[in-house]
Amino acid sequence: MTTPDGTEVKIFTPETTEEAKQGMPQFFGVSERSTGAKHLSLNVTAFGPGGQAKPHRHKDYETAIYTMDGNIILYYGAELETEALMDPGSFCFIPAEVPHVAFNLSETEPATALTARNDPREQENVVLMPELD
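Residues numbered from 1 in each chain as written. Predicted model: local features only at pLDDT ≥ 70, side-chain atom pairs only at ≥ 80, totals over all residues. Heavy atoms only, no water.

Caption draft 1: Fine view of the overall build of the protein. What the protein contains, in helices and strands, is one helix and 11 strands. Along the protein, from the amino end to the carboxyl end, the secondary structure elements read β-β-α-β-β-β-β-β-β-β-β-β. Computed over C-alpha atoms, the radius of gyration of the protein comes to 15 Å, within 12% of the 14 Å expected from 2.2 N^0.38 for 133 residues, which places it in the range of a compact globule. Dimensions of the protein, computed from C-alpha atoms along their principal axes, come out at roughly 45 × 30 × 25 Å. A buried classification covers 37% of the 133 residues belonging to the protein. Looking at the protein alone, contacts between residues at least 24 apart form 67% of all its contacts between residues at least 6 apart. Accessible surface, the protein: about 7600 Å² in total, of which carbon and sulfur atoms supply 56%. Across the protein, the centroid of the 9 positively charged side chains sits 9 Å from that of the 21 negatively charged ones. (Helix = DSSP H or I, 4+ residues; strand = E, 2+ residues; numbered from the N terminus. Rg over C-alpha atoms; globule rule 2.2 N^0.38 Å. Buried < 20%, exposed > 50% of the residue type's maximum accessible area, 1.4 Å probe, protein only. Contact = heavy atoms within 4.5 Å. Areas by Shrake-Rupley, 256 points an atom, 1.4 Å probe, with all protein chains shown as cover. Lys, Arg positive; Asp, Glu negative; His and termini not counted. Charge placed at Lys NZ, Arg CZ, Asp CG, Glu CD.)

Next comes the structure, spelled out in structure tokens:
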């Protein structure tokens, strides 16, 4: 079905992960690139055992995360000074521009999270912050 503005309903299943700019494997889902989305992106982050992201922020865009399985620790703030546990079933909101980094707490089990942003070009607006490594 095509809407009045020319966009279409699209259903698809990413078959493999790709490495996100933040350094974790992701199943890239809905985005401007994959579907023509204009205002959002939706991906699944697949942390392997002991997996971690690189410290980063999202330029001008908010992030919502839902932890599907595993235990993920999130450090956030100007110096990554605040710690929060994201366990299965928990939701997390990260305001635009807030530095953050996430780690899978398990060295033997994977962790998976669903991530949404109000940015259809979400990888282009990831700003790595190596000074916080």
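That was the structure; now back to the text.
Caption draft 2: Just the nonpolar core, in detail. Membership of the largest hydrophobic core comes to 16 residues, with the highest contact counts inside it found for Phe47, Ile65, Ile72, Leu74, Met86 and Cys92. Counting residues per element, the ones that place at least two in this core are strand E6 (72–76), strand E8 (91–94), strand E9 (100–104) and strand E10 (111–117). Setting aside residues no more than four positions away along its own chain, Phe47 makes contact with Met24, Gln52, Ala53, Ile72, Ala102, Asn104, Pro110 and Ala111. (Core = buried A, V, L, I, M, F, W, Y, C linked by side-chain atoms within 4.5 Å.)

Caption draft 3: Here's a closer look at the sheet that holds strand E5 (residues 63–69). Reading across the sheet, the six strands line up as E1-E2-E3-E10-E5-E8 and stay open at both edges, with antiparallel pairing between neighbours. Of all strands in the sheet, those bounded by a partner on one side alone are strand E1 (18–19) and E8. Bridge count between strand E2 (residues 25–30) and strand E3 (residues 41–47): four bridges; the pairing is antiparallel. Among the inter-strand pairings, Phe28 is bridged to a residue of E3, identified as Asn43. (Pairing = 2+ DSSP bridges.)

Caption draft 4: Local environment of the packing of aromatic side chains. Overall, the coordinates contain two aromatic pairs when judged by the stated rule. Pairing Tyr75 with Phe103 gives two aromatic rings, centres 5.9 Å apart and planes at 80 degrees, and the pair type is edge-to-face. Of this pair, Tyr75 sits in strand E6 while Phe103 sits in strand E9; the two residues are 28 residues apart in sequence, bridging distant segments of the chain. Above the plane of the ring of Phe28 lies Arg33, whose end atom (NZ or CZ) is 5.9 Å from the centre. (Phe/Tyr/Trp six-rings, centres within 6.5 Å; stacked < 30°, edge-to-face > 60°. Lys NZ or Arg CZ within 6 Å of the ring centre and 35° of its normal.)

Caption draft 5: Fine view of unusual backbone geometry. In this structure, Asp60 is a non-glycine residue whose phi angle is positive, near 70 degrees. Tracing the sequence through the fold places Asp60 in the loop between strand E4 (56–58) and E5. Using a relative accessible area of 48% as the deciding quantity, one classes Asp60 as partly exposed. A positive phi angle is found at Glu97, which is not glycine, with a value near 75 degrees.

Caption draft 6: Fine view of the side chain of Asp119. Secondary-structure assignment places Asp119 in the loop between E10 and strand E11 (126–128). For Asp119, which is buried and forms no salt bridge, the nearest opposite charge comes from Arg121, at a distance of 4.9 Å. (Salt bridge = Lys/Arg side-chain N within 4 Å of Asp/Glu carboxyl O.)

Caption draft 7: Up close: a negative patch on the surface. On the surface, a cluster of negative charge is contributed by Glu79, Glu81, Glu131 and Asp133. Structurally, Asp133 can be placed in the segment after E11. (Patch = residues over 30% accessible without salt bridge, like charges linked within 9 Å, V, L, I, M, F, W, Y side chains within 5 Å.)

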